[in-house]
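Listed below, chain by chain, are the residues.
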Amino acid sequence: MDIPLFHLDWLNNRMLIAIIATLHALINHSLAVGFMPLVTWLENKGVVNSNPHEITDPKWDKMVYKMMWTAFIITTTIGAMTGVGIWFSVSLVSPNSIASLIRVFYFAWFVEWLVFVTEVVLILIYFLTWKNANKTLKAKTRHIKFGWYLSVFSWVTMAIIVSILGFMMDPGNWNNEQSLINGFTNPLYLPQLLYRTPLAMVLAGTLGLFLVSVFTNKGDTIRIKAFRYIGKWILCWLPFAVAGAVYYFNVIPKTMLANLQVAIGTQSFQQWYDIMWKVIVGSSIIILITAIITVWKPQIMKSYFLAITLVFALGFMGLFERVREFIRKPYIISEYMYSNLLREEDYPLYKKDGILKWATYNSTPTVTNENKVEAGRNVFMLACSRCHTTQGINSITYVFDRMYGNTGKPFKEDMMKSYIKNMHKSREYMPPFPGNDLELDALVAYIKQLQVTNEVLEGAQEVGVAINKDQSVEAFKSQFANKETQNESQNNLVKK
Amino acid sequence: MLLLQTSIPVPKDIPLPFPAPEWFLVTILIISFLVHIVFVNLMLGGSLLTLWCQIKGIKNKEYDTLAHEIAKTITVNKSLAVVMGIAPLLTINTLYTVFFYTANSLTGLMWIAIIPLVTVAFLLTYLHKYTWNTFSNNKPIHILIIAFACIIFMIIPLVFFTNVNLMLFPEKWGTIKGFMSALLLPNVFPRYLHFIFASLAVTGLFLFWYVGRKNYDFESIFNQLTRYEVKKKAYSLVLAASVSQFIIGPIVLLTLPSKGLGWNLILVIFTGAIISLPAIFYMYKAIVGKPENINKNFKIVVICLTITVVFMGSGRHIYRANALNPHIKMISEKTQSFIKESEIARQESAKPQTAVSDKTDSNKGLEIFEQNCAACHAKDEKVVGPPIREMQTIYSNNPSGLKAWIKAPGKKREGYPQMPAFANKLSDSELNQLSNYILTIK
């Protein structure tokens, strides 16, 4: 509305964010939050189990170093850049929401940044001084200490981010109390943290097992030893991860659960709840079996089996991440801003004047018979394009057609209109239609045209923007001039 | 031609106050940006130097070693460049919200492409660093790896400059069609060149310090090259790059659209330029002087150039403030008046709902149906769900069954979507009115 709308008509805007965010969360949890303590713990085991005349068991230390090398390369490239990428993609797709959050949470993000800088500096120190630290026992002990510091800071980074996520999901907070503390005290905070922490440890463990199987040879004694240690690590954390997931899932407020059905896939997914449990139970059992085998029969463990376990563990988490990403619909900031980037409190104004009048960038401030379809396209861009495409994933013609029974027949205008007017009631994940009746007519005309033409809706990044004359400098000046003359005439009246 | 004429938009701002006083945010922006840009300079300059040394290293093995030494620093500098970028990004988002986001959006594809591009460039620098021995007999391939990284590192700043340039010119927003047209706005390339030369200068200084450190065991790494030679080369690079800035700088100033130029800006820029003169003088003296004197005055050089950079960074900000302030004023007035209008509309819409209560039961039933069910149900034909006629045949003697269904619908018909539940949305009396209506309508 006030910022030109970027739009991906094939991939779907939300999908862009979801892909980057999920990738980041997976890397962050499995390679940072969980992995740093695991690596430090293993490094310490090397020192503890070494011969008296050695500082550490060199073969063991080399293996742990290689594991850390992998984590270092991935976290400082894909991990770091997807972190920035979440920000970039969110600011393209829903600029108003991230901008509002930053205005309120500036210092939270600032502190988060300081912690993050510390984390990066520590990871650089920890990794780059590894080989030098092997020269004396004192240096090695200090190095291990750095590993623990690093683990703490990785965890704190996550703990702060979770507060911001929790804030966005919890209804009511925004309007009552816009403060940082609120992010930590809201009812979703603790459950999220209690679920994410042990899950990160389990993920790191399964990844660790896989890496050990890559970096060691069959039958190596260090391989067997490492399997046993990491297997025990997983067995310790797994119960907490499952309990955390169950707890988290039960606390998500009921109103949000209503949306979960769509969250996991599409509507045809009626058994979403069962699926969720099946995945949790299924992956937990596989991880459990793997861990048990690696502790009691490490010799028979195979790399490919570990790879499969890893995929399941990541799936376990990926599913939760996807659910979280979709849960807060139709709001992007609970009870303040809808996912179409319009504030709830401005709806009466839009209903009265129409959204097109107030949108800075649009070619049709008022709907006429001549510009109807073009106006409809503009309405679609403002009201639906954050979640729907015209030709790609979750396309608007596809969802209408599916709703009317996949007949492929031309849509009936009256039915569409009465549906759109009430869409927020029947499908709670969607915000109410913001515009007036003329704009609704236009939107329907546009969607009907889409049904027969296959035209593609291009975003501001390709075709640029048209500037609404009502929202231009000229209009502003004349409005301002009017005010001045009004004031003057009032003054004159007073004088008389 | 009217078509060519586009107007200047006055968007609304985010209707929330700044999280801190403006001067505070501006200070953070300037300082954190400079820190960020120094590491970016080192990352870019370091990669370019590595490439250059390695090409020279084909003939002279010593330079290959030097390339390896410089390459090792990129790993650290690039990581710091990324994390240090977060604070200025956060702050510019806060201070110049609509301007920055608008520029991002109008160049959106290139903007988001930064993420995969930088990721690839980083992976390439690691690949390059960790395959030094693997490719020792295959230098061209090894050089190609760092060359690709360099190309990407050269493209990224261009995207950033295009963005921060575009955000300054709301009068151009209506004419931009994608990244390329924003790139071609005047001033992007001069500023870009200014930055590239700054990168070379900063990297030269860094190299001078890096090889001169006490605990850097230069002699055991190099056989023929001496500290003095490397330092002299580094200084020459800084000197050449700094002097070039005296040509590029004025071009940047001249190509800046006049709307943000003011005496305050000129004063700051000139002071900054003048402070760099002693540095240039001392570097020149060190290069032509005796080898044992090369380290003399290094501190002064660094201090002078740092001050110059701070002045240039402030100049950047002054230009931005000069250029945008009138527009920012309009935006904030517009935002205020919008908030007022929205408030009025809200109050109006809250008023006239008293008439509802004196409706008859069946009227109310109709109304509830219209609001909640009509989107999917019609009287005689299937829309999304079955028609009312069908409901009547199923539930004519069973109103409580109907109500139970509405509260928590099941799944019956093949090929129909799931009907939403209304348990929390309708009260008991509303449910009664609704079911009466459904079962009695003719």
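Summary of the structure given here. As a convention, each chain's residues are numbered from 1 in the sequence order in which they are written. To label them, take the chains in the order written and letter them from A, then take the ligands in the order written and number them from 1. Reporting in this predicted model follows two pLDDT cut-offs: at least 70 for local features of residues, and 80 or more for side-chain atom pairs to be given and counted; totals over whole chains, interfaces and linings ignore these cut-offs and use all residues. For the side-chain quantities, the full set of heavy atoms in the structure was used; hydrogens and water were omitted.

## Examining the overall build of chain B
Rule in force here: Secondary structure is summarised from DSSP: a helix means a run of H or I of at least four residues, a strand means a run of E of at least two, and numbering begins at the N terminus for each. It is over C-alpha atoms that the radius of gyration is taken, and the globule rule equals 2.2 Å times the number of residues to the power 0.38. Any two residues having at least one pair of non-hydrogen atoms within 4.5 Å are treated as being in contact. Only the protein chains shown count as cover for residues, with accessible areas throughout obtained via the Shrake-Rupley method and a probe of 1.4 Å. A positive count includes Lys and Arg, and a negative count includes Asp and Glu. His and the chain ends are not counted in either. To locate a charge, take atom NZ for lysine, CZ for arginine, CG for aspartate or CD for glutamate.
Per the secondary structure count, chain B includes 16 helices and 0 strands. In summary, chain B has a C-alpha radius of gyration of 34 Å against a globular reference of 22 Å for 442 residues, an excess of more than 25%. Contacts in chain B between residues at least 24 apart in sequence constitute 75% of all its contacts with a sequence separation of at least 6. By element, 66% of the accessible surface of chain B is carried by carbon and sulfur atoms, the whole surface being about 20800 Å². Looking at chain B, you have 41 positive and 24 negative side-chain charges, and the mean spots of the two groups are 11 Å apart.

## Some remarks on the pattern of salt bridges
Under the convention used in this document: Salt bridges are identified by distance alone: a Lys or Arg side-chain nitrogen within 4 Å of an Asp or Glu carboxyl oxygen. Only protein chains enter the calculation, and the probe is 1.4 Å; a residue is then buried if its accessible area is under 20% of its type maximum, exposed if over 50%, and partly exposed in between.
Under the counting rule described, the total for this entry stands at 19 salt bridges over all chains. B:Lys139 serves as the salt-bridge partner of B:Asp64, at 3.2 Å between the closest nitrogen and oxygen. Separated by 75 residues along the polypeptide, B:Asp64 in helix H2 (residues 61-95) and B:Lys139 in helix H5 (residues 139-166) bring together distant segments of the chain. What makes B:Asp64 buried here is its relative accessible area of 4%. For B:Lys139, a relative accessible area of 15% gives the class buried. For B:Lys72, the salt bridge identified is with B:Glu69, shortest N-O distance 3.1 Å. On the criterion of helical spacing, the pair formed by B:Lys72 and B:Glu69 is a turn pair, its members being 3 residues apart in helix H2. The class of B:Lys72 is partly exposed, set by a relative accessible area of 37%. Where salt bridges share partners, they join A:Arg343, A:Glu345, A:Asp346, B:Glu343 and B:Arg346 into one cluster.

## Remarks on the packing of helix H8 (residues 188-212) of chain B against helix H10 (residues 227-255) of chain B
Residues and elements named next belong to chain B. To be explicit about the condition: Between N-to-C directions, angles cover 0 to 180 degrees, with each direction set by a line fitted to C-alpha atoms, over the stretch in contact for helices. Roughly parallel means an angle under 35 degrees; roughly antiparallel means over 145; roughly perpendicular covers 65 to 115; every other angle is labelled oblique. By definition, any crossing whose near helix is turned counterclockwise from its far helix by less than a right angle is left-handed, and any crossing with a clockwise turn is right-handed. Three classes are used, and their members are as follows: Ala, Val, Leu, Ile, Met, Phe, Trp, Tyr, Cys and Pro are nonpolar, Asp, Glu, Lys and Arg are charged, and the others, Gly among them, are polar.
Look at H8 against H10: their axes get within 8 Å of each other, and the N-to-C directions meet at 160 degrees. The orientation of H8 with respect to H10, classified from their angle, is roughly antiparallel. Crossing angle aside, the handedness with which H8 passes H10 is left-handed. Split into classes, the residues belonging to the contact of H8 with H10 amount to 19 nonpolar, 8 polar and 3 charged.

## So, unusual backbone geometry
Of note in the backbone geometry, A:Asn12 takes a positive phi value of approximately 85 degrees without being a glycine. Mapping A:Asn12 onto the fold places it in the segment before helix H1 (13-33). With a phi close to 90 degrees, B:Asn187 is a non-glycine residue in the positive phi region. Within the secondary structure, B:Asn187 is located in the loop between helix H7 (179-183) and H8.

## Details of the interface of chain B and chain A
Just so we agree on the cut-off: A quick way to say it: buried area is the sum, across both parts, of accessible area lost when two parts are put together, with a 1.4 Å probe. In the analysis that follows, any N or O atom pair within 3.5 Å is treated as a polar contact, provided that within protein one partner can donate a hydrogen and the other can accept it, and provided that, for residues neighboring in sequence, both atoms belong to side chains.
Contact with chain B, which involves 85 residues of that partner, is made by 85 residues of chain A. Summing both sides of the interface, chain B and chain A together bury roughly 7600 Å²; the carbon and sulfur share of this comes to 68%. Looking at the side of chain B facing chain A, the largest losses of area belong to B:Leu16, B:Leu90 and B:Tyr101, adding up to 9% of the total buried there. Counting across the interface, chain B meets chain A through 4 salt bridges. For B:Asp13, the salt bridge goes to A:Arg103, with nearest N and O atoms at 3.2 Å. On the surface where chain B and chain A come into contact, there are 21 residue pairs in polar contact (both at pLDDT 80 or more). Elements supplying a minimum of two residues to the side of chain B that touches chain A: helix H1 (22-57), H2, helix H3 (97-106), helix H4 (108-130), helix H12 (298-350) and helix H13 (361-372) of chain B. For the side of chain B that touches chain A, the element with the highest residue contribution is H2(B), accounting for 15 residues. For the side of chain B that touches chain A, the per-class residue count stands at 50 nonpolar, 20 polar and 15 charged.

## Side note on the packing of aromatic side chains
Definition in use: Pairing of aromatic rings covers Phe, Tyr and Trp, the last counted by its six-membered ring, and requires centre-to-centre distances within 6.5 Å; plane angles under 30 degrees mean stacked, over 60 mean edge-to-face, and any other angle means tilted. The rule for a charge over a ring is simple: NZ of Lys or CZ of Arg within 6 Å of the ring centre, and within 35 degrees of the ring normal.
Summed over all chains, the structure comprises 45 aromatic pairs over all chains. What links up through ring pairs into an aromatic cluster is the set A:Tyr65, A:Trp69, A:Phe72, A:Tyr126, A:Phe127, A:Trp130, B:Tyr126 and B:Tyr130. The ring of B:Phe338 is capped by B:Lys12, whose NZ or CZ atom sits 4.3 Å from the centre of that ring. The positively charged end of B:Arg213 is found above the aromatic ring belonging to B:Tyr210, 4.2 Å away from the centroid.

## Examining the nonpolar core
In plain terms, the rule: Throughout, nonpolar core names a set of buried Ala, Val, Leu, Ile, Met, Phe, Trp, Tyr and Cys residues whose side chains join them through atoms within 4.5 Å.
Membership of the largest hydrophobic core comes to 214 residues, with the highest contact counts inside it found for A:Phe35 and B:Tyr235. The element best represented in this core is helix H4 (residues 95-128) of chain A, accounting for 18 residues. With 49 residues, the next largest nonpolar core counts A:Val379, A:Met403, A:Phe433 and A:Tyr446 among its residues.

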